[in-house]
Amino acid sequence: MDILVCLKQTFDTEERIVIEDGQISDDGVEFVINPYDEYAVEEAIRLRDEHGGEVTVITVGPDRAEQALRTAMAMGADKGIIVDDEDLENADEYSIARVLAAVIKDLDFDIILGGYMAIDDGSAQVGPRLAELLEIPHISTITKLTIDGESVEAEKDVEGDVEYIQSKLPILVTAQQGLNDPRYPSLPGIMKAKKKPLEQLDLDDLDLDEEDLEGKTETLEVFLPPEKEAGKILEGELDEQVKELVQRLQSEAKVI
Amino acid sequence: MDFDLTEEQRMIRKLLRDFAEGEVAPGADERDRTKVFPRDVFKKMADLNMMGLPFPEEYGGAGADSISFAIAVEELSRVCASTGISYSAHVSLGCAPLYLFGTEEQKKEYLVPLCRGETMGAFGLTEPGAGSDAGGTRTTAVKEGDEWVINGSKCFITNASYSDFLALTAVTSKEPEGPEITAFIVPTDTEGFQVIDNYIKLGLHSSNTTELVLEDVRIPHQNILGEVGHGFKQFLVTLDGGRIGIGAMAVGIAQGAYEAALQYARERTQFGQSISKFQVIQHKLADMAMNIELARNMVYKAAWLKDCGRRFTKEASICKLFASEMAMRVCDQAVQIHGGYGYMHDYRVERFFRDVKLTEIGEGTSEIQRMVIAREIGC
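Residues numbered from 1 in each chain as written. Chains lettered and ligands numbered in written order. Predicted model: local features only at pLDDT ≥ 70, side-chain atom pairs only at ≥ 80, totals over all residues. Heavy atoms only, no water.

Let us now look at the UniProt feature "domain: Electron transfer flavoprotein alpha/beta-subunit N-terminal" (unreviewed entry) in chain A. When the UniProt feature table is mapped to this numbering, "domain: Electron transfer flavoprotein alpha/beta-subunit N-terminal" (unreviewed entry) covers residues 21–210 of chain A. Secondary structure across residues 21–210 of chain A divides into 29% helix and 32% strand, with the first and last C-alpha atoms of the span separated by 25 Å. (UniProt positions renumbered as here; feature names shortened; annotations may be inferred. Helix = DSSP H or I, 4+ residues; strand = E, 2+ residues; numbered from the N terminus.)

This paragraph deals with the packing of helix H4 (residues 66–79) of chain B against helix H8 (residues 279–307) of chain B. All names here are of chain B. Direction vectors running N to C along H4 and H8 enclose 145°, while the axes themselves pass 8 Å from each other. Of H8, the residues touching H4 (which contributes Ser66, Ile67, Ala70, Ile71 and Glu74) are Arg296, Val299, Tyr300, Ala303, Trp304, Lys306 and Asp307. Residues belonging to the contact of H4 with H8 are distributed by class as follows: 7 nonpolar, 1 polar and 4 charged. (Axes fitted to C-alpha atoms, helices over the stretch in contact; angles between N-to-C directions. Contact = heavy atoms within 4.5 Å. Nonpolar A, V, L, I, M, F, W, Y, C, P; charged D, E, K, R; others polar.)

Moving on, we get to the UniProt feature "domain: Acyl-CoA dehydrogenase/oxidase N-terminal" (unreviewed entry) in chain B. According to UniProt, the feature "domain: Acyl-CoA dehydrogenase/oxidase N-terminal" (unreviewed entry) maps to residues 6–118 of chain B in the numbering used here. End C-alpha atoms of residues 6–118 of chain B are separated by 30 Å, and the span's content is 72% helix alongside 0% strand.

Facing 17 residues of chain A, the contacting portion of chain B comprises 20 residues. Each partner contributes to the roughly 1600 Å² buried at the junction of chain A and chain B, and carbon and sulfur atoms together form 64% of this total. Among the residues chain A hides against chain B, the three largest losses belong to Tyr184(A), Leu187(A) and Met191(A). Together they make up 42% of the total. The interface formed by chain A and chain B holds 3 salt bridges in total. Residue Glu30(A) pairs with Arg13(B) through a salt bridge whose shortest N-O separation is 3.4 Å. Across the chain A-chain B interface, the total number found is 3 residue pairs in polar contact (both at pLDDT 80 or more). Among the elements that take part in the side of chain A that touches chain B, helix H5 (residues 187–193) of chain A stands out by supplying 6 residues, more than any other. In terms of residue class, the side of chain A that touches chain B is built from 9 nonpolar, 3 polar and 5 charged. (Buried area = accessible area lost by both parts, 1.4 Å probe. Salt bridge = Lys/Arg side-chain N within 4 Å of Asp/Glu carboxyl O. Polar contact = N/O pair within 3.5 Å; in protein donor to acceptor, adjacent residues only side chain to side chain.)

What UniProt calls "domain: Acyl-CoA oxidase/dehydrogenase middle" (unreviewed entry) maps, in this numbering, to residues 122–217 of chain B. With 0% helix and 55% strand, residues 122–217 of chain B has end C-alpha atoms that lie 18 Å from one another.

What follows deals with the state of the cysteines. Residues and elements named next belong to chain B. If you walk through the whole model with that rule in mind, you get 0 disulfides over all chains. Between cysteine 331, a free cysteine, and cysteine 80, which holds the nearest cysteine sulfur, the sulfur-to-sulfur gap is 14 Å. Given a relative accessible area of 0%, cysteine 331 falls into the buried group. (Disulfide = S-S within 2.5 Å. Buried < 20%, exposed > 50% of the residue type's maximum accessible area, 1.4 Å probe, protein only.)

It is common to give the size of an interface as the accessible area lost on bringing the parts into contact. Residues and elements named next belong to chain B. Each assigned domain of chain B is listed here: domain 1 (7–116), domain 2 (123–229) and domain 3 (233–377). Computed over C-alpha atoms only, the centres of domain 1 and domain 3 are separated by 20 Å. Across the boundary between the two partners, domain 1 contributes 24 residues, which contact 32 residues of domain 3. Summing the contributions of domain 1 and of domain 3, the shared interface buries around 2300 Å²; its carbon and sulfur component is 60%. Three residues, Glu74, Arg78 and Phe101, lead the burial of domain 1 against domain 3; their summed loss comes to 24% of the area buried on that side. Where domain 1 meets domain 3, there are 4 salt bridges. One salt bridge connects aspartate 29 with arginine 351, and the closest N-O pair in it is separated by 2.9 Å. Counting across the interface, domain 1 meets domain 3 through 8 residue pairs in polar contact (both at pLDDT 80 or more). Of all the secondary-structure elements, those providing two or more residues to the side of domain 1 that touches domain 3 are helix H2 (28–34), H4 and helix H5 (81–101). The element that contributes the greatest number of residues to the side of domain 1 that touches domain 3 is H4, accounting for 10 residues. Of the residues in the side of domain 1 that touches domain 3, the class split is 14 nonpolar, 4 polar and 6 charged. (Domains from an automatic or database assignment.)

All told, the structure shown has 35 salt bridges over all chains when counted by the stated rule. The partner of Glu75(B) in a salt bridge is Arg17(B), with the nearest N and O atoms 2.6 Å apart. You can see Glu75(B) sitting in helix H4 and its partner Arg17(B) sitting in helix H1 (residues 7–24), a full 58 residues away along the chain. By relative accessible area, which is 2% here, Glu75(B) ends up buried. Taking the shortest distance from any N to any O, the salt bridge between Arg296(B) and Glu74(B) comes out at 2.9 Å. Pair noted here: Arg296(B) is in helix H8 and Glu74(B) is in helix H4, with a separation of 222 residues, a long-range link. The same class applies to Arg296(B) and to Glu74(B), which are both buried. Salt bridges sharing common partners tie together Lys8(A), Asp120(A) and Asp121(A).

All names here are of chain B. Two numbers describe how H1 lies on H4: the axes approach to 9 Å, and their chain directions differ by 25°. The angle between H1 and H4 falls in the class roughly parallel. Crossing hand, H1 versus H4: right-handed. Seen from H1, the contacting residues are Gln9, Ile12, Arg13, Leu16, Arg17, Phe19, Ala20, Glu21 and Val24; seen from H4, they are Ile67, Ser68, Ile71, Ala72, Glu75, Leu76, Arg78 and Val79. Partitioned by chemical class, the residues of the contact of H1 with H4 number 10 nonpolar, 2 polar and 5 charged. (Parallel < 35°, antiparallel > 145°, perpendicular 65-115°, else oblique. Left-handed = near helix turned anticlockwise from the far one by under 90°.)

Residues and elements named next belong to chain B. Of the residues making up helix H11 (residues 366–376), those classed as buried are Ser366, Ile368, Gln369, Val372 and Ile373. Around the axis of H11, the buried residues are gathered within 155° of arc, so they sit on the same side. Structural note: H11 exposes Glu367, Met371 and Arg375 on the side pointing more than 90 degrees away from its buried face. Tucked inside the fold, the buried residues of H11 contact helix H7 (231–267) and helix H9 (313–338). Just downstream of H11 lies glycine 378, where phi reads positive at about 95°. (Arc of directions from axis to C-beta.)

Moving on: the pairing of strand S3 (residues 147–158) of chain B. Residues in a regular strand project their side chains so that they alternate between the two faces of the sheet. Residue and element names in this part refer to chain B. In this sheet, S3 lies alongside strand S2 (residues 140–144) in antiparallel orientation, the contact comprising 5 bridges. If you follow glutamate 144 over to S3, its bridge partner there is glutamate 147. Between S2 and S3, which follow one another and run antiparallel, lie 2 residues, and glycine 145 among them has a positive phi close to 65°. Looking at chain direction, S3 and strand S7 (residues 209–220) are connected through 9 bridges and run antiparallel. Looking at the pairing, glutamate 147 lines up with proline 220 of S7. (Pairing = 2+ DSSP bridges.)

Time to look at unusual backbone geometry. For the peptide bond that leads from Leu169(A) to Pro170(A), omega is -10°, which places it in the cis range. Residue position: Pro170(A) is located in the loop between strand S11 (161–168) and strand S12 (171–175). Positive phi, close to 55°, is recorded for Lys35(B), a residue that is not glycine. Structurally, Lys35(B) can be placed in the loop between H2 and helix H3 (39–47). In this structure Lys35(B) comes out as partly exposed when scored by relative accessible area, which is 47%.

Right, let's talk about the sheet that holds strand S10 (residues 151–158) of chain A for a bit. Sheet strands line up and pair through hydrogen bonds in the backbone, either parallel or antiparallel. Residue and element names in this part refer to chain A. Read across the open sheet, the 9 strands follow the order S11-S10-S9-S12-S8-S1-S6-S7-S13; overall the sheet is mixed. Either end of the sheet is taken by a strand with one partner, and the two such strands are S11 and strand S13 (198–201). Strand-to-strand twist in this sheet, taken as the mean axis angle between neighbours without regard to direction, amounts to 30°. In this sheet, S11 lies alongside S10 in antiparallel orientation, the contact comprising 8 bridges. If you follow glutamate 155 over to S11, its bridge partner there is tyrosine 164. Against the sheet, helix H3 (residues 93–104) contacts strand S1 (2–6), strand S6 (54–61), strand S7 (79–84), strand S8 (111–115) and S13, and its axis sits at roughly 145° relative to S6.

Okay, structure coming up:
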């Protein structure tokens, strides 16, 4: 089984966000595999161990993103492809999905996995867009996956409910929390990761024109959420508290 | 000059950070109270092949370097110093002498199961009358036919209750210039071998510290580690490596205490502002950050020299001495910043404060480190 995983390198979830000159600064920041993509990597390795074949991890990003691919290889992925994003201007989900599609159209695959969204910009678009471009079905936010021959069965998280979906290979699925418990990379895995094949591509290698890849969205402003103010504890008799709460929700918070 | 960790070293740090947070930290306070050895933690570490981290794959190791070993000890000690010291002793005192001085057969028979984590490594050196002064060693080994008969006792031996075998030193001949010392590999289930786990300690409650009693313990000649009479030289080399481990352990404890103190200082409000806004607290935290950074750099340097195959005796002593003394101050001040809460068990710094003292004592006291450094600089 040829298994592809699309992953993104993101800020470590505990990093503080600092905005400098209207941009999010990545100075001194620790990076990780986007946690949802980590579920995809784990699921891919399990599929490979069960059905045989190879796991290829693919990312679009700067040089440092290679570390994310190496980590996936230390977990057990077989090879990696990184597409340099230096020539991409104002890239958004539209651009990234097109680049990934260009990489993948030259590859053999039975299934493509990814996280359902990246924790940084949280758009949850790249997976479905990629499936559309490749003209294959997709199931998003899966929490269980079973493959038997050509048939695919997935459990999909829908806001707390579960949908059971059947489909067929080739397919693209995106991982929701709960799909699995990603393994720690083993020490020998880490030591061997560097020796696994890693292909570095740029837009020229893919016959892509950067003008066709310009994002469809425009960022007007980047700002931090307002600082949380101290809460207010209501006092007095219960009746009075309820009255005051309703009054504050109406006049101060303006939510009712 | 390159101050960046390699890709592998960074991945190992990330792995050990995640592993320590996810698997070691949750039970650390509980283990400290109940004095339970973290067996399940070491089982999980064995599954990830961490127990033979710096040894070649052919012996079941992972083929990583000494810097990675220091990183591993630091990350474990940052959340649980008992786990940190048990691991450090396993690698640098248990595995290393077998790797450095063992015959090929001995490596296959003893180093491989240690690297696979099937048993814990230990080293029997210290005696009631002999610490860093090996001349005081009283344990004797007398040759009878093809066997050696060992009698004596050892104290403060880390991990031995969980060791299937360990290397220990004994006097094999009394020469005019001092005792001739030889190291033997002794299975702990040999008749006459007793491991006593009975100490009441200041800290490191979930590490295993034992006394060994040997009464007419008979072992075959082939269990000599290396050669007869090489024991003294061997343990000097072994302790050099062990000092990097204790240095890394001290850095880890200090880092854990510092992070707790910084977080507390930011959250604790007095006189209308968080106490981290007071200069007196800021200076304490700045000193901690500075000293930890310096100590970590020195640990890395000693480990780097070792990885390059160069002499590192002086640097190992410097890193161990500096790291342990600064860690002692850091933990003291971390408790101080916490005030009354710092004295309570619920705030981790109380445990760090008790645990850290060992780093100024184990594998050569601070006084011995100064002797070693003085000798190395030509006094």
